[in-house]
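# Tertiary structure, described
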Amino acid sequence: MRNKAATPEDQALALTELSRMDLAMGNYPASISRGEDAAARLRSLHDAAAEGNVLTITGLAKMYSADYSGAYDNFQTALKIARAAGDVKQQITRLNNISNVLYFEGRYSDAPDVLHEAAKLGSRQLTTANIAIIYQTLGQYDRALDTYAGLRSATDALLPQEQAQLLSNMGALYRRPGDPVKALETYHAARELYRRKDLKRGEIPVLNNIGIAQAQDLHQPRAAIATFDAALLLASGDQLLTLQLTLRRAAAEYDLGRLKEARNDYEKASALADSLHATEEKWKALSGLARLALQSGDPAVAIVYIREAVSKIESLRGAAPKGLLSEFLAAKREVYDLLIKELARAANPDLGELFRLMEMSRSRTLQDTTKPLSLAEVRARLPVGTTPASSPRAPFHQACC
């Protein structure tokens, strides 16, 4: 007796499940290829709901592959399908996916708008958690921790992996007031939830956070390197996670005095950041290379690296909401300070450039909406005698008092 031939619908759904399995295993190219084939078949069959599901799968595969533009297009199309069907649950999920793409692209001021739109559709806990992540990224730690704390009493509404993500994010915030022990306890609880469900993609960032606490808070760079090594083994195939882990391992190697290994990792991270268009990670890699150049007695090379790092940071400034620029720059100000310090060492420093860098390192709420003044323009507006020609360094002494 002959087996019944598979229908076009069966073939499309089989491709969808294969794409979903590839996504879970981290085989993103195969997931995208099979998913796009399935989407085309489902479109011809006029099965919009199934097409929206597979577009979401391939969108995630593209996002994890750092194809943010492709992921954004997939999620937007999937969102339109959910809206047309009146499927509120899928609208919330896909809006959250879109906000993740915006977050990875550094479009921090756009992501909250998308999340608030999702929140209006229903009291989905994941949406609230993602809003807290934005607060955390922008340095609004108290607001982020308050938001997470509010979710703790409602964790039954979250899936295990969502609970694990919540714990991981809270662990990062516990480190802020200097409680690495509490942070590690929270991280380990999050890792256990991920391990129970065999969710390696969630376990890797938790290992990353454990390594950060070991390196920065407990001053155990050797233990941190071992943790980052373990995470990198799990992250094989995920370029963005590999990039972030490589940067962390490089910093721990630098602290341990393994300068050759640190340089190799920073150079790998810099090249990978270029290929992924990861601006946030790029300036961090450049900053690390600058520190290594200074360590080896080559300030000229260090200045080249730091200048490029500052340029990358400035390209991100416009993405931060204007009211949060101070927090956005807090973790980056040391890059400006390092460049100012090295340029000021020159025999005849360019005072105009130093002044410009000093202004760039501040939030400059007014100047971010208007053209910043140069040193010459500031001098021209001051009363006669305020900036004596015989003392070109005087304005800088006055500015920092």
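Note: the structure precedes this text.
Now for a quick tour of the structure. This structure is a prediction, so every number in the text was calculated from the model and none was measured. (Residues numbered from 1 in each chain as written. Predicted model: local features only at pLDDT ≥ 70, side-chain atom pairs only at ≥ 80, totals over all residues. Heavy atoms only, no water.)

## Structural notes on the packing of aromatic side chains
Using the criterion set out here, one finds three aromatic pairs in the structure. Ring plane angle 70° and centroid distance 5.8 Å describe the contact between Y103 and F104, whose orientation is recorded as edge-to-face. Between the NZ or CZ atom of R107 and the centre of the ring of Y72, over which it lies, the distance is 5.9 Å. The residue whose ring lies beneath R291 is Y254, and the NZ or CZ to ring-centre distance is 4.2 Å. (Phe/Tyr/Trp six-rings, centres within 6.5 Å; stacked < 30°, edge-to-face > 60°. Lys NZ or Arg CZ within 6 Å of the ring centre and 35° of its normal.)

## Describing the packing of helix α10 (residues 180–196) against helix α11 (residues 200–217)
α11 packs onto α10 with a crossing angle of 160° between their chain directions and a minimal axis gap of 9 Å. Taken together, α10 and α11 sit at an angle that is classed as roughly antiparallel. The two elements α10 and α11 meet at a crossing, and its hand is left-handed. In this structure, α10 contributes P180, L184, Y187, H188, A190, R191, Y194 and R195 to the contact, and α11 contributes G202, E203, V206, L207, N209, I210, A213 and D217. Split into classes, the residues belonging to the contact of α10 with α11 amount to nine nonpolar, three polar and four charged. (Axes fitted to C-alpha atoms, helices over the stretch in contact; angles between N-to-C directions. Helix = DSSP H or I, 4+ residues; strand = E, 2+ residues; numbered from the N terminus. Parallel < 35°, antiparallel > 145°, perpendicular 65-115°, else oblique. Left-handed = near helix turned anticlockwise from the far one by under 90°. Contact = heavy atoms within 4.5 Å. Nonpolar A, V, L, I, M, F, W, Y, C, P; charged D, E, K, R; others polar.)

## Structural notes on the pattern of salt bridges
In a structure, side chains of opposite charge can pair up when their charged atoms sit close to one another. Taken as a whole, this structure holds 14 salt bridges when the rule is applied. Between R107 and E105 there is a salt bridge, and its shortest N-O distance comes to 3.1 Å. With relative accessibility at 34%, the residue R107 sits in the partly exposed group. The class of E105 is partly exposed, set by a relative accessible area of 32%. Here E253 ties to R249 by a salt bridge, and the two come within 3.8 Å at their closest N and O atoms. Placement of both E253 and R249 in helix α13 (residues 239–256) is noted, with a separation of four residues, approximately one turn of the helix. According to the relative accessible area criterion, E253 is buried, its value standing at 6%. In the salt-bridge network here, residues are joined through shared partners; they are D229, R249, E253 and D265. (Salt bridge = Lys/Arg side-chain N within 4 Å of Asp/Glu carboxyl O. Buried < 20%, exposed > 50% of the residue type's maximum accessible area, 1.4 Å probe, protein only.)

All quantities given are derived from atomic positions and should not be read as evidence of function.
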